[in-house]
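Each chain, letter by letter, is given below.
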Amino acid sequence: MCSICGILGGSGYDSEKVVNDMNSVMKNRGPDQSGIYRDGDIYLAHNRLAIIDPENGIQPMTRVYGGISYTIVYNGEIYNTAELTEVIKSHGITPKTYCDTEVVLYLYILFGEKCAEMLNGIFAFAVYNSKTREVYFARDRFGIKPLFYAINGETMIFASEIKSLLKYPSVKPVVDRRGIWQLLFL
């Protein structure tokens, strides 16, 4: 189990401190390594439980392809990693790790939004394209790996756990009428 979180866009708060707090509250999900990536007002954070390739699978993971930098934060397990590794190799890419994280990142680089359709597994991830300054999110079809988010003005906050979102100063633990209805009729 790992965790991901981030802040996208200017927040009016000390975003570096807030993303550190958001990431710290989920440390139990990934005690082996923590990391934060920043590009301007884009923050991506990760806590890692190292299972495969502990030395090389550090996240956030960045790769440069075609002169463009792409960064991923990922939580999951891809069951068809070996098959997908062959797909990226057929495009002239030699992975530097044995991690499914790198495979998912290169699938996004090569196939864009169609990458999630190729994945057989459980996952939640965000990939940042430094050229377009866009972030792509995907989650497995059944939502086994959680991905929660909140939008506050021009800022998007996301995390693997709701308690992480609550570390963002203007996200309050309030349930509205619609939320109560969803809980009661789930």
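Right above here is the structure, for reference.
Since the model is a prediction, treat every value here as computed from it, not as a measurement.

Novice: Where do I start with the nonpolar core in this structure?
Specialist: Looking at soluble globular proteins, one finds that nonpolar side chains tend to be buried together. Counting residues in hydrophobic clusters, the biggest one holds 24 residues, and the most contacted among them are I72, L119 and F125. Sorting the residues of this core by element identifies β5 (68-78), α2 (81-89), α3 (100-111), α4 (115-118), β6 (121-129) and β7 (134-139) as the ones contributing at least two each. Ranked by residues supplied to this core, first place goes to α3 with seven residues. For F125, the residues in contact, after removing those within four places along its chain, are I4, I72, V73, Y74, V104, C115, L119, Y136, F137 and A138. Core analysis: the next-biggest nonpolar cluster, separate from the first, contains 14 residues, I7, A150, A159 and Y168 among them.

Novice: Looking at this structure, I do not really get unusual backbone geometry. What am I missing?
Specialist: With the exception of glycine, most residues fall at negative phi, and the peptide bonds are largely trans. Geometrically, the link from Q59 to P60 is a cis peptide bond, its omega value of -5° lying close to zero. Topologically, P60 is positioned in the loop between β3 (42-48) and β4 (61-65).

Novice: For this particular structure, what's the right way to read the pairing of strand β9 (residues 155-159)?
Specialist: Moving residue by residue along a regular strand, the side chains alternate between the two faces of the sheet. In terms of burial, β9 is largely enclosed, as five of its five residues are buried. Alternating residues of β9 divide into T155, I157 and A159 and M156 and F158, and every residue in both groups is buried. Here four bridges tie strand β1 (residues 3-8) to β9, and the two strands are oriented antiparallel to one another. For L8, the partnering residue across the bridge sits in β9 and is M156. In this antiparallel pair of consecutive strands, strand β8 (residues 148-152) and β9, the connection spans two residues, and G153 shows a positive phi of 65°.

What counts, and at which threshold
- Residue positions are given per chain, counted from 1 along the sequence in the order it is written.
- Reporting of local features is limited, given that this is a predicted model, to residues whose pLDDT is at least 70; pairs of side-chain atoms are given and counted only at 80 or more, and all residues count toward the totals for whole chains, interfaces and linings.
- Hydrogens and waters are ignored; side-chain quantities use all the structure's heavy atoms.
- Definition used in this section: a nonpolar core is a set of buried Ala, Val, Leu, Ile, Met, Phe, Trp, Tyr and Cys residues joined via side-chain atoms within 4.5 Å.
- Think of it in three bands: with a 1.4 Å probe and only protein chains considered, a residue is buried below 20% of the maximum accessible area for its type, exposed above 50%, and partly exposed in between.
- Secondary structure is summarised from DSSP: a helix means a run of H or I of at least four residues, a strand means a run of E of at least two, and numbering begins at the N terminus for each.
- Contacts between residues were defined by any pair of non-hydrogen atoms, one from each residue, lying within 4.5 Å.
- Each pair of strands is called paired provided DSSP finds at least two bridges between the two strands.

From the geometry alone we can't say anything about function, so treat these as descriptive.
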